[in-house]
Amino acid sequence: MHVLLIGSGGREHALAWKLAQSPEIGDFYAAPGNPGIAAHAVCVALDVTDHAAVTAFCREKAIDLVVVGPEAPLVDGLADTLRAAGIDTFGPSREAAQLEGSKGFTKELCKRANIPTARYERCTSLEAAWGALKKFDPPFVLKADGLAAGKGVVIADTREEAQNALNEMFDGKFGSAGSEVVIEQFLTGEEASFFALTDGTAILPIGTAQDHKRVGEGDTGPNTGGMGAYSPAPVLSEALQAQVMREIVEPTVQTLREEGMPYSGVLYAGLMLTKDGPQLIEYNARFGDPECQVLMMRLESDLVELMQACARGTLGEVAAPVLSDDFALTVVMAAEGYPGTPKKGGPIDLSEAEAGGAKVFHAGTKLEGDTLTSSGGRVLNVTARGASATEAQANAYAAVDAIDFADGFCRRDIGQREVRRERG
């Protein structure tokens, strides 16, 4: 089977690594890919915003399956274009991808489908947002409605901070993503992530995870795209996972199907585990980054088979995904200055990093001659497995310490909450 993978980050490197293990894989391309992905696929310089060019490439190379990694091409409707051309595609349509592309869309779907989520107000102007703010008590949760690279959420402790944040949002801090804002009730509890595959009818869970969004140790400092993650998330017990499927995921898939926009692909539910049960914080229309990295380290099933079944509407005919009982933990190495203005161009030596069985997924790298260098904010995802969270954490940090990247930094406490639980 000939496969094209869309994307260039750590999530896509993890997908490429797992897809390449399938006995079904034939010619394998990635657009645009990265130096890590190049070990598994032929990287091609395709402009993924040019749907005609992507379609023409697929026809030229007789591509059987396109896997769309990041959210922007999905919200842009790439999957619709490819499906209209008769090309099997893993990823939701433009309409269904509004689950990630619009916070307001998701909140209103939750209201229609009676899905547990925080009370909210949807605001299309600064004046309306100031008025809506009066209906909430601090801390205030403010969300840019559109895509903001995982950074469009502000938690404001005071009304003054909230007003200043709203001013910035409507003044263009997050570009067009902030032209509409959702204000939410603050939920108390522990956050966790639940992942499921669906073809619009059948739904198969594909694991749980917990991530670390803030840049500093102890979950301090500004939000980032993610500084690390681990899987599974034991806090999501089997009973809670069944409740999430019953009360959140299944009603979402059913409502979208009934409303004429069936969802196909991976559905990533960000949850708050409150005293009243799981509540939906947000949906993502793709695998998380860096959650994908730990899920792929644990996945034992054939990813090509699962993704093709989602694309063809035959997911109900394949076996449920099998994941290892091991823990997997990933540590993000970011470039100095992230999440502000990261320093780029620093050399990286990975020659000793994978000696102990860890895997280093490239998130923001490029080759300058024969030298691997940093090219983004989040640069590497250092991922390892272990029989426990404690062991996986130790293995991951041993690999981190074997990397020579002078301009890089990482948090040293990824997975610490689970490690503390294991110690009792």
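All values reported here derive from a predicted model rather than from experimental measurement.

Parameters and conventions
- Residues numbered from 1 in each chain as written.
- Predicted model: local features only at pLDDT ≥ 70, side-chain atom pairs only at ≥ 80, totals over all residues.
- Heavy atoms only, no water.
- Helix = DSSP H or I, 4+ residues; strand = E, 2+ residues; numbered from the N terminus.
- Buried < 20%, exposed > 50% of the residue type's maximum accessible area, 1.4 Å probe, protein only.
- Polar contact = N/O pair within 3.5 Å; in protein donor to acceptor, adjacent residues only side chain to side chain.
- Contact = heavy atoms within 4.5 Å.
- Salt bridge = Lys/Arg side-chain N within 4 Å of Asp/Glu carboxyl O.
- Axes fitted to C-alpha atoms, helices over the stretch in contact; angles between N-to-C directions.
- Parallel < 35°, antiparallel > 145°, perpendicular 65-115°, else oblique.
- Left-handed = near helix turned anticlockwise from the far one by under 90°.
- Nonpolar A, V, L, I, M, F, W, Y, C, P; charged D, E, K, R; others polar.
- Pairing = 2+ DSSP bridges.
- Phe/Tyr/Trp six-rings, centres within 6.5 Å; stacked < 30°, edge-to-face > 60°.
- 1 Å grid on protein atoms, 1.4 Å probe; cavity = no way out; pocket = protein on both sides within 12 Å on 5 of 7 lines; lining within 4 Å.
- Points joined across faces, edges and corners; volume = space filled by probe spheres on them.
- Core = buried A, V, L, I, M, F, W, Y, C linked by side-chain atoms within 4.5 Å.

(A) View of the side chain of Glu12. Locating Glu12 in the fold gives a position in helix α1 (residues 10-19). Overall, the relative accessible area of 2% leaves Glu12 in the buried class. Among the polar contacts made by the side chain of Glu12, one reaches the main-chain amide nitrogen of Gly9 at a distance of 2.8 Å. If sequence neighbours within four positions are ignored, Glu12 has contacts with Leu5, Ile6, Gly7, Ile37, Gly69 and Pro70.

(B) Region of interest: α1. Counting buried positions over the 10 residues of α1 gives 10, a clear majority of the element. Within α1, burial applies to Gly10, Arg11, Glu12, His13, Ala14, Leu15, Ala16, Trp17, Lys18 and Leu19.

(C) Representation of the pattern of salt bridges in the model. Taken as a whole and assessed by the stated rule, the structure comprises 25 salt bridges. Between Arg122 and Glu108 there is a salt bridge whose closest N-O contact spans 2.8 Å. One end of the pair, Arg122, is in strand β6 (residues 120-123); the other, Glu108, is in helix α6 (residues 103-113), with 14 residues separating them in the sequence. By relative accessible area, Glu108 is classed as partly exposed at 32%. Within this structure, Arg11, Glu12, Glu71, Glu100 and Arg286 form a network of salt bridges that share partners.

(D) Spatial organisation of the packing of α1 against helix α10 (residues 291-298). Interhelical geometry of α1 versus α10 gives an angle of 15 degrees and a closest axis separation of 8 Å. Considered as vectors, α1 and α10 are oriented roughly parallel to each other. Crossing geometry of α1 relative to α10 is assigned as left-handed. Touching Gly10, Arg11, Ala14, Leu15, Trp17 and Lys18 of α1 are Cys292, Gln293, Met296 and Met297, all from α10. Partitioning the contact of α1 with α10 into residue classes produces six nonpolar, two polar and two charged.

(E) Broad picture of the sheet that holds strand β20 (residues 365-368). If you walk across this open sheet you meet the three strands as β18-β21-β20, and the pairing is antiparallel. Strands at the two margins of the open sheet, each flanked by one partner only, are β18 (347-348) and β20. Pairing geometry for β20 and strand β21 (residues 371-374), over four bridges, is antiparallel. Pairing of Thr365 across the sheet is with Ser374, part of β21.

(F) Expanded view of the packing of aromatic side chains. Under the counting rule described, the total for this entry stands at four aromatic pairs. Centre to centre, the rings of Trp17 and Phe361 are 5.6 Å apart; their planes meet at 70 degrees, and the pair counts as edge-to-face. Here Phe361 lies in strand β19 (residues 359-362) and Trp17 lies in helix α1, a separation of 344 residues in the sequence. Here Trp17 falls in the buried class, since its relative accessible area comes to 18%. When the centroid spacing of 6.4 Å and the interplanar angle of 25 degrees are considered together, the rings of Phe195 and Phe287 count as stacked. You can see Phe195 sitting in strand β10 (residues 190-198) and its partner Phe287 sitting in the loop between β16 (277-284) and α10, a full 92 residues away along the chain.

(G) Representation of the layout of surface pockets within the structure. Reported here for the second largest pocket is a volume of approximately 300 Å³. Lining of the second largest pocket is provided by 14 residues; of these, Val153, Val154, Lys173, Pro222 and Asn223 occupy positions nearest its centre. Those elements that place two or more of their residues in the lining of the second largest pocket are β8 (153-156), α8 (159-170) and β13 (220-223). Looking at side-chain class alone, the lining of the second largest pocket contains seven nonpolar, two polar and five charged residues.

(H) Up close: unusual backbone geometry. Along the chain, Ala31 connects to Pro32 via a cis peptide bond; the corresponding omega equals -5 degrees. Here the bond from Pro138 into Pro139 is cis, since omega is -5 degrees, no more than 30 degrees from zero. In this fold, Pro139 is placed in the loop between α7 (126-133) and β7 (140-144). The backbone of Ala62 shows a phi angle near 55 degrees, a positive value even though the residue is not glycine. Here Ala62 lies in the loop between α2 (51-60) and β4 (65-68).

(I) Just the nonpolar core, in detail. In terms of nonpolar packing, the biggest core is built from 46 residues, with Leu4, Val66, Val249 and Leu271 touching the most fellow members. Those residues in contact with Val249, other than ones at most four positions away along the chain, are Phe194, Ala196, Ile203, Val244, Leu267 and Tyr283. The next biggest cluster of nonpolar side chains, apart from the first, holds 41 residues, and it includes Leu15, Trp17, Val67 and Ile206.

(J) Broad picture of the sheet that holds strand β9 (residues 181-184). Strands sit in the order β6-β9-β7-β8 across an open sheet of four strands; the sheet is antiparallel. Where the open sheet ends on each side, the last strands, each with one partner, are β6 and β8. With direction set aside, neighbouring strand axes in the sheet form an average angle of 20 degrees. Bridging between β6 and β9 involves four bridges; their strand directions are antiparallel. Paired with Tyr120 across the strands is Glu184, a residue of β9. Packed onto the sheet, α7 meets β6, β7 and β9 and runs at close to 165 degrees relative to β6. Those strands touched by α8 are β6, β7, β8 and β9, and its axis lies near 5 degrees from that of β7.

(K) Focus on the packing of α1 against helix α11 (residues 303-312). α11 packs onto α1 with a crossing angle of 110 degrees between their chain directions and a minimal axis gap of 8 Å. Put simply, α1 runs roughly perpendicular to α11. Residue-level contacts link Leu15, Lys18 and Leu19 of α1 to Leu303, Val304 and Met307 of α11. For the contact of α1 with α11, a count of residues per class yields five nonpolar, no polar and one charged.

Function-wise, these values are silent; they only describe arrangement.
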